[in-house]
Amino acid sequence: DTAVSQTPKYLVTQMGNDKSIKCEQNLGHDTMYWYKQDSKKFLKIMFSYNNKELIINETVPNRFSPKSPDKAHLNLHINSLELGDSAVYFCASSPRGAEYGYTFGSGTRLTVV
Amino acid sequence: KQEVTQIPAALSVPEGENLVLNCSFTDSAIYNLQWFRQDPGKGLTSLLLIQSSQREQTSGRLNASLDKSSGRSTLYIAASQPGDSATYLCAVENQAGTALIFGKGTTLSVSS
């Protein structure tokens, strides 16, 4: 009954590989997000989708491509992985109203070797 | 562009102390503000959400206040416990669904 679930929890891969991280929310929220937490623990928004439509696309290399097959899912695909992509990636979701706030997944720790 | 600053970056206190964590933001036209807790190697746990029309919210030993006009929020933790040791993150949302903007956090250590 996890609210926002991400898979996998850990991902170790070699430079140049392509990988995907999946995210699903069962809260009925309208908007989903991907955040990156760097080695200094700073959380920065990457993308947001509202009901399958891309809303925010921060300055992120085009090797990163989000895909939202439906309102409950937002996956992150990364091509040609680089050492600098190593980080923790968090998925989050938020409802339409202001009174509930954001819910975050438990994160995916990506290590590129 | 909205920027969120948290002071102090780190804080160490003995068990039982009351403490205040500070958060400031540059653009006062926010939609809401949310405080999170992050334990090492873990995800984010929501502590308190303050809507732009509210002045404070309370949950147990935690109290968060919001002063939009001055661009400030404080998180007050009463009677701190070792289990409170974690990083506390402040985040603001400028408009609905526009994504939270985070501060760099305050890392709290409570010793027994």
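Just above, that's the structure.
What follows covers the state of the cysteines. Counting across every chain of the model gives two disulfides over all chains. With its sulfur 1.8 Å from that of its partner, cysteine 23 of chain A forms a disulfide with cysteine 91 of chain A. Sign of the S-S torsion, about -80° for the bond between cysteine 23 of chain A and cysteine 91 of chain A, identifies this disulfide as left-handed. Linking cysteine 23 of chain A in strand E3 (residues 19-25) with cysteine 91 of chain A in strand E9 (residues 87-94), this pair joins segments that are 68 residues apart in sequence. Residue pairing for cysteine 23 of chain B: its cysteine sulfur links by disulfide to cysteine 90 of chain B, the two sulfurs lying 2.0 Å apart.

Strand pairing in a sheet takes place through backbone hydrogen bonds and is either antiparallel or parallel in direction. All names here are of chain B. Across the sheet, which stays open at both edges, the five strands sit in the order E1-E3-E8-E7-E6 with antiparallel pairing between neighbours. Two strands close off the open sheet at either side, each with one partner strand: strand E1 (4-7) and strand E6 (56-59). In this sheet, neighbouring strand axes are inclined to one another by 15° on average, regardless of whether the strands run parallel or antiparallel.

Facing 22 residues of chain A, the contacting portion of chain B comprises 22 residues. When the two sides are added together, the surface that chain A and chain B hide from each other amounts to roughly 1600 Å², 58% of it contributed by carbon and sulfur. There are five residue pairs in polar contact (both at pLDDT 80 or more) connecting chain A and chain B. Of all the secondary-structure elements, those providing two or more residues to the side of chain A that touches chain B are strand E4 (31-37), strand E5 (43-50) and strand E6 (53-57) of chain A. Here the side of chain A that touches chain B is built from residues that sort into 12 nonpolar, seven polar and three charged.

Any two side chains of opposite charge can pair, so long as their charged atoms come close to each other. In the structure shown here, the tally under the stated rule is five salt bridges over all chains. Residue aspartate 85 of chain A pairs with arginine 63 of chain A through a salt bridge whose shortest N-O separation is 2.8 Å. On the criterion of sequence distance, the pair formed by aspartate 85 of chain A in the loop between strand E8 (73-78) and E9 and arginine 63 of chain A in the loop between E6 and strand E7 (64-70) is long-range, its members being 22 residues apart. Of the two residues, aspartate 85 of chain A and arginine 63 of chain A, both sit in the buried class. Of the charged contacts in the structure, one is a salt bridge between aspartate 39 of chain B and arginine 37 of chain B, with a shortest N-O distance of 2.9 Å. A residue is classified by how much of its surface remains accessible, and aspartate 39 of chain B, at 24% relative accessible area, is partly exposed. Residues joined by salt bridges that share partners form a network here, namely Arg63, Glu82 and Asp85 of chain A.

Attention now goes to the pairing of strand E4 (residues 32-38) of chain B. Residues and elements named next belong to chain B. Counting buried positions along E4 gives seven out of seven residues, so the element sits mostly inside the fold. A two-sided burial pattern is seen for E4, the buried positions comprising Asn32, Gln34, Phe36 and Gln38 on one face and Leu33, Trp35 and Arg37 on the other. Counting the residues between successive antiparallel strands, the hairpin from E4 to strand E5 (residues 44-51) contains five residues, one of them, glycine 41, with a positive phi of roughly 70°.

What counts, and where the lines are drawn
Residues numbered from 1 in each chain as written. Chains lettered and ligands numbered in written order. Predicted model: local features only at pLDDT ≥ 70, side-chain atom pairs only at ≥ 80, totals over all residues. Heavy atoms only, no water. Disulfide = S-S within 2.5 Å. Helix = DSSP H or I, 4+ residues; strand = E, 2+ residues; numbered from the N terminus. Pairing = 2+ DSSP bridges. Axes fitted to C-alpha atoms, helices over the stretch in contact; angles between N-to-C directions. Contact = heavy atoms within 4.5 Å. Buried area = accessible area lost by both parts, 1.4 Å probe. Polar contact = N/O pair within 3.5 Å; in protein donor to acceptor, adjacent residues only side chain to side chain. Nonpolar A, V, L, I, M, F, W, Y, C, P; charged D, E, K, R; others polar. Salt bridge = Lys/Arg side-chain N within 4 Å of Asp/Glu carboxyl O. Buried < 20%, exposed > 50% of the residue type's maximum accessible area, 1.4 Å probe, protein only.

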